Amino acid sequence: MSTTHDLRERLAELRGPAVRPRPLDARALAALAANPGCRRRALLDAAGIDKGAVARVLGDPAPFGQSQFAFVRGHAFEARVKADGCAELIRLLGGTPEDGRVLVPELSAAGPAGRVARTRLALEEATAARSWTLLDHPMLALEVAGSPAYLEPDAVAVRPDGSWTVVEIKSFPILDGSADSVKVGAAARQAAVYVLALERLAAQAGTGRVSHDVLLVCPKDFSNFPTAELVDVRKQLSVTRRQLARLTRIEEIAATLPDGTTFDLRYADDGSTPTRPAPEMLAAVEAVPAAYAPECLAACELAFHCRDRARACGAVESLGRGTRGELGSLTTVEQVLAAALGTAGDPADPAVDALRRAARLRAAAVGEV
């Protein structure tokens, strides 16, 4: 088994000796948890490789990124939520602090590691004080594949009972008491990463109790007035724990790569223009198995490349995880069609039998029989 130092060296070799690692944040960890079987994403994220730049070299760039309008709107809404010393945010948490005062400690420090240490100290002090405290953009850390991932939630609230609550502030609206389930799910997965980091910090500090209910704050209807709901993230937390356990075996994935494999983008002197030839990068990317699903299009910069490859080989994964799960041993669209038409496939296979029954029903419906 490789040591942590050996693993870091191996990941640096894959990334390129002159390339700084891309930070692994909560959004990336949440995306990993949503697709735990993708070795390609696990390896590239663990190595800190810029997947967006890799996709551009391959000729399959993904239109990722937030619009400037959405960015400004999000910051304006967060400022509204945290106005007046965060009193409104404490109200949304169900608190009524005496005299309307909320403690908001200073968390600035030199470098991410310094901010992590300052956050830990502030949490310990707030827990001992037994008063409402709001940590604005604290810095947390998780050990991932032998390297620290630095995470920055919107806020962490410390209640008078000593419990810690993660606060996620999003700019998508809650309309008539409900919100987009996809966006809520993504927010819950991201918040679960913060909860996990807080749990580990609490265990190290020997104090504090982390709540599994995350406060999701969003605009109410079409206004800028904040409303909030507590979201239970225990399910997402369990998935995240399992995925991080898988990432500790990242050296096993790296060990399967052909000798000389590297994802070095070979930046030009400007430090931002990749010069790596596309055929070389394609060979490196294809050396690592992927687990494509349509959901990847909203979470991974390499999704368009993986989709094209899945479609080219007729993989049923391109139809979605649900469909893939129903088809059992049938792994290509060609096999599925042959089974439905009765020209191939084992009739005793439940998936084959279901496809043939569906084909007969369709034929009867359109008058082909």
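Residues numbered from 1 in each chain as written. Predicted model: local features only at pLDDT ≥ 70, side-chain atom pairs only at ≥ 80, totals over all residues. Heavy atoms only, no water.

K.L.:
I'd like a description of a nonpolar patch on the surface, backed by residues and values.
P.N.:
Nonpolar side chains collect at one region of the surface, where Leu319, Val333 and Leu337 lie side by side and expose about 260 Å² of accessible area between them. Tracing the backbone through its elements, the reader meets Leu319 in the loop between α12 (303-312) and α13 (321-326). (Patch = residues over 30% accessible without salt bridge, like charges linked within 9 Å, V, L, I, M, F, W, Y side chains within 5 Å. Areas by Shrake-Rupley, 256 points an atom, 1.4 Å probe, with all protein chains shown as cover. Salt bridge = Lys/Arg side-chain N within 4 Å of Asp/Glu carboxyl O. Helix = DSSP H or I, 4+ residues; strand = E, 2+ residues; numbered from the N terminus.)

K.L.:
Go over the pairing of strand β4 (residues 155-158) with me, naming the residues and quoting the values.
P.N.:
Every second residue of β4 is oriented toward a common face, with Ala155 and Ala157 on one face and Val156 and Val158 on the other, all of them buried. Strand direction decides the pairing type here: strand β1 (residues 133-136) and β4, joined by 4 bridges, are antiparallel. Within β4, the position partnered with Thr133 by the bridge is Val158. Here 4 bridges tie β4 to strand β5 (residues 163-169), and the two strands are oriented antiparallel to one another. Residue pairing in the sheet places Val158 in a bridge with Trp164 of β5. Hairpin connection of β4 to β5: 4 residues between the antiparallel strands, including Gly162 at a positive phi of 90°. (Buried < 20%, exposed > 50% of the residue type's maximum accessible area, 1.4 Å probe, protein only. Pairing = 2+ DSSP bridges.)

K.L.:
I'd like a description of the packing of helix α5 (residues 68-81) against helix α6 (residues 83-92), backed by residues and values.
P.N.:
At a minimum axis distance of 7 Å, the contact between α5 and α6 shows a crossing angle of 85°. Considering the angle they form, α5 stands roughly perpendicular to α6. Between α5 and α6, the residues in contact are Ala79, Arg80 and Val81 and Ala83, Glu88 and Leu89, respectively. For the contact of α5 with α6, a count of residues per class yields 4 nonpolar, no polar and 2 charged. (Axes fitted to C-alpha atoms, helices over the stretch in contact; angles between N-to-C directions. Parallel < 35°, antiparallel > 145°, perpendicular 65-115°, else oblique. Contact = heavy atoms within 4.5 Å. Nonpolar A, V, L, I, M, F, W, Y, C, P; charged D, E, K, R; others polar.)

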